[in-house]
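Each chain is listed here by its residues.
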Amino acid sequence: MFTKTAKQYDDVYSYKDYEGESELITTLVRERVPNATTLLDVACGTGKHLEHLSKSFECQGVDLDTEMLKISEERMPEARLHNGDMCEFSLNSKFDAVTCLFSSIGYTKTVDRMEEAVSNMANHLNPGGMLLVEPWITPEAWIPGRVHADKYETGDGFVLRMGVAEPVDRGRLVLEYMIGNSNGISKVTETHEMGWFTHDEYSNAFTKADLKLEYLEEGLTGRGIYIGLKPE
Ligand SMILES: C[S@@+](CC[C@H](N)C(=O)[O-])C[C@H]1O[C@@H](n2cnc3c(N)ncnc32)[C@H](O)[C@@H]1O
């Protein structure tokens, strides 16, 4: 996960249009749950979707990584944020919409755990509520051995990041960072244990969780979107 690079996360992903994505999420929710007032973002990371979604909904967030949550808390000191695993967190509240964005579901790694996460998120929906999951890449898009490298500006220096897609199970990403600023250069290695899932595996998980499934091929960022409506 991003524990050791949480402070660099927003710079690395500065290309993402969190505001535009949040507007689209709001539209998707309003079209299906017109009276929705509450939203839970699971695996909320540094809170950049929550920041925008809070304009339309009373929001809460969950994330497993306390370093990522700290940044969410700095961004939104008044928000209710919870430390928990998407497969087993348990809140006393239910929500009109639950989201799990930017491939976070891939961190469940196995089909069993992905199904547990979908079921747990569905259990936090009010009747008539909507679950929205943005998947990780498809098995066809996973290229074992692929290497990528990028440079990002951080305001006080640069991050250089190189990653390799290791040919292990359903996907393991090893990322090496060089983080440079006026204090010097530090190096960090991160291993992201993830799992790609097929369309049928995601669809089965939604069906098993008693959600009425809808799939939008383009989604927010081209990776598709799974939407599940909980019966009234
Ligand atoms: C790619 S980041 C996405 C963060 C945020 N949703 C965004 O769009 O920027 C993946 C997030 O999933 C979180 N995560 C990984 N495994 C998790 C789990 N089992 N339960 C909850 N959060 C998890 C990580 O800590 C990280 O914040």
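Here goes a summary of the coordinates provided. (Residues numbered from 1 in each chain as written. Predicted model: local features only at pLDDT ≥ 70, side-chain atom pairs only at ≥ 80, totals over all residues. Heavy atoms only, no water.)

A closer look at helix α5 (residues 111–123)
Next up, step 1: In this model, α5 (13 residues) spans 18 Å end to end at C-alpha, consistent with the 18 Å of a helix rising 1.5 Å per residue.
Next up, step 2: Listed in full, the buried residues belonging to α5 are M114, E115, A117, V118, N120, M121 and A122.
Next up, step 3: Of the surrounding elements, those touching the buried residues of α5 are β1 (38–42), β4 (95–100), β5 (125–133) and α6 (199–208). (Helix = DSSP H or I, 4+ residues; strand = E, 2+ residues; numbered from the N terminus. Expected span 1.5 Å × (residues − 1). Buried < 20%, exposed > 50% of the residue type's maximum accessible area, 1.4 Å probe, protein only. Contact = heavy atoms within 4.5 Å.)

A few points about the layout of surface pockets
Next up, step 1: In this structure, the largest pocket occupies an estimated 1100 Å³ of space.
Next up, step 2: Lining the largest pocket are 50 residues, with F2, Y13, F102, Y107 and M194 positioned closest to its centre.
Next up, step 3: Among the elements of the structure, α1 (6–12), β1, α3 (48–53), β6 (147–153), β7 (157–166), β8 (172–181) and β9 (184–193) are those that each provide at least two residues to the lining of the largest pocket.
Next up, step 4: Per-element accounting of the lining of the largest pocket gives the leading share, 4 residues, to β7.
Next up, step 5: Considering only residue class, the lining of the largest pocket consists of 27 nonpolar, 12 polar and 11 charged.
Next up, step 6: Shared between two domains, the lining of the largest pocket holds at least three residues of each, these being domain 1 (15–138 + 196–229) and domain 2 (140–193). (1 Å grid on protein atoms, 1.4 Å probe; cavity = no way out; pocket = protein on both sides within 12 Å on 5 of 7 lines; lining within 4 Å. Points joined across faces, edges and corners; volume = space filled by probe spheres on them. Nonpolar A, V, L, I, M, F, W, Y, C, P; charged D, E, K, R; others polar. Domains from an automatic or database assignment.)

Examining the site of the ligand
Next up, step 1: Taken together, 20 residues are adjacent to the ligand, and Y9, Y18, A43, D63 and M86 come closest.
Next up, step 2: Between the ligand and L64 there is a distance of 3.3 Å, counted from a nitrogen atom to a backbone nitrogen or oxygen.
Next up, step 3: Within the backbone of M86, an N or O atom sits 2.8 Å from a nitrogen atom of the ligand.
Next up, step 4: Among the cavities detected, the one that contains the ligand is the largest pocket.
Next up, step 5: For the shell around the ligand, the residue count by class is 12 nonpolar, 4 polar and 4 charged. (Near = heavy atom within 4 Å. Polar contact = N/O pair within 3.5 Å; in protein donor to acceptor, adjacent residues only side chain to side chain. Sits in = over half its atoms within 2 Å of the grid points.)

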